[in-house]
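The lines below spell out each chain.
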Amino acid sequence: MSSVLYDTPGPRARRRNALLSVVFVVLLAALAWWVWTTMDDKQQLKWALWQPFTTSEAWTTYLLPGLGNTLKAAALSMVIALPLGAVFGIARLSDHRWVRAVASVVVEFFRAIPVLLLMLFASEFYNLYTQVSSDDRPLYAVVTGLVLYNASVLAEVVRAGILALPKGQTEAAYAIGLRKGQTMTSILLPQAVTVMLPAIVSQLVVIVKDTALGGVMLGFTELLNNRGTLAANYANVFASFVVVAAIYIVLNFALTSFASWLERRLRRSKRSTGAVLGAEDLEELNPAAVGGTVGTGSAA
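Calculation notes
Residues numbered from 1 in each chain as written. Predicted model: local features only at pLDDT ≥ 70, side-chain atom pairs only at ≥ 80, totals over all residues. Heavy atoms only, no water. Helix = DSSP H or I, 4+ residues; strand = E, 2+ residues; numbered from the N terminus. Buried < 20%, exposed > 50% of the residue type's maximum accessible area, 1.4 Å probe, protein only. Areas by Shrake-Rupley, 256 points an atom, 1.4 Å probe, with all protein chains shown as cover. Expected span 1.5 Å × (residues − 1). Arc of directions from axis to C-beta. Contact = heavy atoms within 4.5 Å. Axes fitted to C-alpha atoms, helices over the stretch in contact; angles between N-to-C directions. Parallel < 35°, antiparallel > 145°, perpendicular 65-115°, else oblique. Left-handed = near helix turned anticlockwise from the far one by under 90°. Nonpolar A, V, L, I, M, F, W, Y, C, P; charged D, E, K, R; others polar. Salt bridge = Lys/Arg side-chain N within 4 Å of Asp/Glu carboxyl O. Bend = angle between axes of the 7 residues up to and from the residue. Core = buried A, V, L, I, M, F, W, Y, C linked by side-chain atoms within 4.5 Å. Phe/Tyr/Trp six-rings, centres within 6.5 Å; stacked < 30°, edge-to-face > 60°. Lys NZ or Arg CZ within 6 Å of the ring centre and 35° of its normal.

**A few points about the overall build of the protein chain**
When helices and strands are counted, the protein chain shows 12 helices and 0 strands. Counting every position in the protein chain, which comprises 300 residues, the buried fraction comes to 33%. For the protein chain, the computed accessible surface area is about 18500 Å², with 66% contributed by carbon and sulfur atoms.

**Focus: unusual backbone geometry**
Leave glycine aside and you will find that most residues have negative phi; peptide bonds, for their part, are mostly trans. Phi at Gln-43 takes a positive value of approximately 60°, unusual for a residue other than glycine. Mapping Gln-43 onto the fold places it in the loop between helix H1 (11–41) and helix H2 (47–50). Of the residues examined, Gln-43 reaches a relative accessible area of 44% and is grouped as partly exposed. Phi is positive for Ala-235, which is not a glycine, with a value near 55°. Secondary-structure assignment places Ala-235 in the loop between helix H9 (223–234) and helix H10 (237–269).

**Focus on helix H4 (residues 97–112)**
Given a rise of 1.5 Å per residue, 16 residues ought to cover 22 Å, and the 22 Å separating the end C-alpha atoms of H4 matches this to within 8%. Looking only at H4, the buried set comprises Val-99, Ala-103, Ser-104 and Val-107. What you see down the axis of H4 is that its buried residues fit within an arc of 120°, all on one side. Pointing more than 90 degrees away from the buried face of H4 are the exposed residues Arg-97, Trp-98, Val-105 and Ala-112. Considering only its buried residues, H4 is in contact with helix H3 (56–91) and helix H6 (137–163).

**Focus: the packing of helix H7 (residues 167–175) against helix H8 (residues 180–217)**
Orientation of H7 relative to H8, taken along the N-to-C sense of each, is 140°, at an axis distance of 10 Å. As judged from the angle between their axes, H7 and H8 are oblique. Regarding H7 and H8, the two cross each other, and that crossing is right-handed. Only Lys-180, Thr-183, Ile-187, Leu-188 and Gln-191 of H8 make contact with H7, whose side of the interface consists of Gln-169, Thr-170, Ala-173 and Tyr-174. Its residues placed into classes, the contact of H7 with H8 shows 4 nonpolar, 4 polar and 1 charged.

**Details of the packing of helix H5 (residues 115–129) against H6**
Packing of H5 against H6 brings their axes to within 8 Å, and their N-to-C directions diverge by 135°. Relative to H6, H5 is oriented oblique. Judged by the sense of rotation from one axis to the other, the crossing of H5 with H6 is right-handed. In this structure, H5 contributes Val-115, Leu-118, Met-119, Ala-122, Ser-123, Tyr-126 and Asn-127 to the contact, and H6 contributes Arg-137, Tyr-140, Ala-141, Val-142, Thr-144, Gly-145, Leu-146, Leu-148 and Tyr-149. In the contact of H5 with H6, the residues fall into 11 nonpolar, 4 polar and 1 charged.

**Description of the pattern of salt bridges**
The full count for this structure, using the stated rule, is 5 salt bridges. Measuring nitrogen to oxygen at the nearest pair gives 3.4 Å for the salt bridge that ties Glu-108 to Arg-111. You can see Glu-108 and its partner Arg-111 sitting in helix H4, 3 residues apart, about one turn around the helix. Residue Glu-108 is classed as partly exposed on the basis of its relative accessible area, which comes to 37%.

**Focus on H3**
Its 36 residues give H3 an end-to-end C-alpha distance of 50 Å, which sits within 8% of 52 Å, the value for a rise of 1.5 Å per residue. Along H3, the sharpest change in direction is near 35° and occurs at Leu-63; proline Pro-65 comes one to four residues later.

**Section: the nonpolar core**
Counting residues in hydrophobic clusters, the biggest one holds 52 residues, and the most contacted among them are Leu-63, Val-142, Ile-162 and Leu-223. Counting only elements with at least two residues in this core, the list comes to H2, H3, H5, H6, H8, H9 and H10. Element by element, the count of residues in this core is highest for H6, at 11 residues.

**Things to note about the packing of aromatic side chains**
Applying the stated criterion across every chain yields a total of 6 aromatic pairs. Here Phe-109 and Phe-110 contribute two aromatic rings whose centre-to-centre distance is 5.1 Å and whose plane-to-plane angle is 85°, an arrangement assigned as edge-to-face. Under the relative-accessibility criterion, Phe-109 is labelled partly exposed at 49%. Both rings, one in Phe-125 and one in Tyr-129, keep their centres 5.5 Å apart while their planes meet at 45°; by these two values the pair is tilted. Here Phe-125 pairs with Tyr-129, and both are found in helix H5, just 4 residues apart, close to one helical turn. When its relative accessible area of 62% is taken as the criterion, Tyr-129 is described as exposed. Grouped by ring-pair contacts, the aromatic residues Phe-125, Tyr-126, Tyr-129 and Tyr-140 constitute a single cluster. Lying over the aromatic face of Phe-241, Arg-227 brings its terminal NZ or CZ to 3.8 Å of the ring centre.

This is the structure in structure tokens:
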């Protein structure tokens, strides 16, 4: 018995797989024991180092404000970068050569520059040429760098998502008289959203993690930056790293889980019902073309 991807393993293969699984579990347990004993030898498991995280002061003074700034920067960056990336992604599919050329240059330029360098350039720009205060400058610089880089990446995601759709979708839209703009907004983009959603969420996870670059280089008071202040006050560097890493893991897992749920919901909602469109439905899409067709049929 076999499936599309592989042959069903026989008795020997099942025994070999079971043996490999046991060996892997044993090695993983040995690694966990080595880490535990090493931490214990270095006095990193003492309750005094972990006890501050059971109090409200560590959370309300350091971790939660830092997490709030992380989410604020990530949300602003995504809200701005997503529509900007969609515009440049669609522009790269334009019939006009000069539009494609300009969009391609912008996208490839900002994709080639490291996001940290974009943040540093933005910080210096706001310092020299704007009236942005020194308190707000790190947030502005982080958001600017993330927007420029991630908008260029999302532009390629949008372009790839639209190109992944069957050409018959576009041909069918043109056959009922839709213009290119109507085809893009009414037919292609709604279907491409489902295709693009996993890549978009992956990029959102990258944005959340990249906010830490602003904390390290620009003094932006995000989660990782506030961790340093907390560790300095409580002398628990290793414990603070573990707690902050756990917060990032929970946050990114929540994002990916929500995206998976949303993708399944969108796929279910986009399944065809088998209904046949009538003249009124087509007229809502393109009144001019359908009106002329119906009129001709009535006269005949």
